[in-house]
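Coordinates in review
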Protein chains: 2
Amino acid sequence: MRDVLDRIGDKWSLLVVGTLRAERLRFTELQRHIPGISQRMLTLTLRQLERDGLITRTVHAEVPPRVEYELTPLGGTLVELAMALADWAIQNHPRIEASRDAYDAAHAR
Amino acid sequence: MRDVLDRIGDKWSLLVVGTLRAERLRFTELQRHIPGISQRMLTLTLRQLERDGLITRTVHAEVPPRVEYELTPLGGTLVELAMALADWAIQNHPRIEASRDAYDAAHAR
DNA sequence: CCGGATCCCACGCGATACTG
DNA sequence: CAGTATCGCGTGGGATCCGG
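Residues numbered from 1 in each chain as written. Chains lettered and ligands numbered in written order. Predicted model: local features only at pLDDT ≥ 70, side-chain atom pairs only at ≥ 80, totals over all residues. Heavy atoms only, no water.

In the nomenclature of an unreviewed UniProt entry, chain A corresponds to Helix-turn-helix transcriptional regulator from the organism Microbacterium helvum.

Concerning the relation of the copies chain B and chain A
The line we're drawing: Copies overlap after least-squares fitting; the atoms used are the C-alpha atoms of residues with pLDDT of at least 70 in both. The criterion used for residue contact is that any of the two residues' heavy atoms lie within 4.5 Å.
Between chain B and chain A, the superposition needs a rotation of 180° and an axial shift of 0.0 Å, giving an RMSD of 0.0 Å. Accordingly, the operation relating the two chain copies is best matched by a two-fold axis. Among all residues of chain B, the one whose C-alpha sits closest to the rotation axis is B:Gly9, at a distance of 2.1 Å. When the interface residues of chain B are mapped onto chain A, 100% of them again lie at the interface, so the same face is used by both copies.

Looking at the environment of B:Ile37
Here is the rule: For the purposes of this entry, the term helix denotes a DSSP run of H or I that reaches at least four residues, the term strand denotes a run of E that reaches at least two, and both are numbered from the N terminus.
Assignment of secondary structure puts B:Ile37 in the loop between helix H3 (27–33) and helix H4 (39–51). For the pair B:Ile37 and B:Leu15, spaced 22 residues apart in sequence, the C-alpha to C-alpha distance is 9.8 Å.

A look at helix H1 (residues 2–9) of chain B
Stated precisely, the cut-off is as follows: Note on exposure labels: buried denotes an accessible area under 20% of the residue type's maximum, exposed denotes more than 50%, and partly exposed covers the range between, all computed with a 1.4 Å probe on protein chains only.
Within H1(B), the full set of buried residues consists of B:Val4, B:Leu5, B:Arg7, B:Ile8 and B:Gly9. Summarising the contacts, the buried residues of H1(B) are in contact with helix H1 (2–9), helix H2 (13–20) and helix H5 (73–106) of chain A together with helix H2 (13–19), H4 and helix H5 (73–106) of chain B.

Topic: the interface of chain B and chain A
This is how it is decided: Once two parts are joined, some of their accessible surface, as seen by a 1.4 Å probe, is lost; buried area is that loss totalled over both. Residues adjacent in sequence count toward polar contacts only when both atoms are side-chain atoms; beyond that, a polar contact is any pair of N or O atoms within 3.5 Å, and within protein one must be able to donate a hydrogen and the other to accept it. In this classification, Asp, Glu, Lys and Arg are treated as charged, Ala, Val, Leu, Ile, Met, Phe, Trp, Tyr, Cys and Pro as nonpolar, and every other residue, Gly included, as polar.
Taken together, the 36 residues of chain B in the interface contact 36 residues of chain A. Of the roughly 3,400 Å² buried at the junction of chain B and chain A (both faces included), carbon and sulfur atoms supply 66%. Counting across the chain B and chain A interface gives 12 residue pairs in polar contact (both at pLDDT 80 or more). No other element matches H5(B), which puts 19 residues into the side of chain B that touches chain A. In the side of chain B that touches chain A, the residues fall into 17 nonpolar, 6 polar and 13 charged.

A look at the pattern of salt bridges
Short version of the rule: The salt bridge definition used is simple: a Lys or Arg side-chain nitrogen within 4 Å of an Asp or Glu carboxyl oxygen.
Using the criterion set out here, one finds 16 salt bridges over all chains in the structure. One salt bridge in this structure joins B:Arg51 and A:Asp104, with 2.5 Å as the shortest N-O distance. With one member in each of two chains, B:Arg51 in helix H4 and A:Asp104 in helix H5 form a pair that bridges those chains. On the basis of relative accessible area, B:Arg51 is assigned to the partly exposed category, the value being 24%. With its nearest N and O atoms 3.4 Å apart, the salt bridge here joins B:Glu68 to B:Arg66. Judged by relative accessible area, B:Arg66 falls into the partly exposed class, the value being 21%. One connected set of salt bridges, linked through shared partners, spans A:Arg24, A:Glu62, A:Arg66, A:Glu68 and A:Glu70.

Topic: the nonpolar core
The criterion, for reference: By nonpolar core we mean a set of buried residues, namely Ala, Val, Leu, Ile, Met, Phe, Trp, Tyr and Cys, connected to one another through side-chain atoms within 4.5 Å.
Core analysis: the biggest nonpolar cluster contains 58 residues, and A:Leu20, A:Leu30, A:Trp88, B:Leu20, B:Leu30 and B:Trp88 have the highest contact counts within it. With near-sequence residues (within four places) excluded, A:Leu30 lies in contact with A:Thr19, A:Leu20, A:Leu25, A:Leu42, A:Leu46 and A:Tyr69.

With respect to the protein's contact with DNA strand C
Our working rule: For each residue, the test is whether any non-hydrogen atom lies within 4 Å of the molecule or strand; if one does, the residue is near.
Residues in close proximity to DNA strand C total 18 residues, the closest being A:Thr28, A:Thr43, A:Arg57, A:Tyr69 and B:Met41. The sugar and phosphate moieties of DNA strand C supply 64% of its atoms located within 4 Å of the protein. At 2.2 Å from a phosphate oxygen of DNA strand C is found a side-chain nitrogen or oxygen belonging to A:Arg57. Between A:Tyr69 and DNA strand C, the recorded distance is 2.3 Å, taken from a side-chain N or O atom to a phosphate oxygen. Of all the elements in the fold, those that place two or more residues in the surface near DNA strand C are helix H3 (27–33), helix H4 (39–51) and strand E3 (66–71) of chain A together with H4 of chain B. With 4 residues, the single largest contributor to the surface near DNA strand C is H4(A).

Here is the structure:
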């Protein structure tokens, strides 16, 4: 459980698998789809996900080189869960915001 | 989404709400149920969860003081999602482990 | 185009000590 | 019992430069 949380709980992993949900993408395309991610973090995140068997990395022997990433079936199942989480987040975000405001108002001193 | 991930992705929050899933508990009881958590982190985590409206904190005016924490309905819905995630983790952990071993073996140099 | 290697700092978190 | 206060470090991650 900790293992899985460490994977999906970090700053970028979910964003990456979410982006790969629909389409197979190249490194630079991923970078464009995920604003704010640095080259370094994209590389590291992709390596982790590949190591865990959630995505595959295919290098095409061409010049210039082309590397494509796509979800594995295992990664696909995780994405579905993530989407459920996203739904929950969207549905309940207003409630959470309201609760925070109330809390902050009550504890303002 | 980031908001929610920050909440459940941190080191202790899920452990705390998971522990509160079945029963209302006091501070010290929580501490006993979650090995390794420090007083400080338990306090901070509880404050965050309370602020977000996922748990409630009730102080009983007694000596010695008694403070009890329990899940709100909102917190309950989150726990259900978390349990789905836990199921996924348990089911797929062997696969992930295997993938890691294979990856490490292939990249050992 | 797709990264690897370094440098560096903010901050998450643990350890410890103190209090109403 | 249920916290708060303070210190110190480990490390996640951004910026930057280099290389096949």
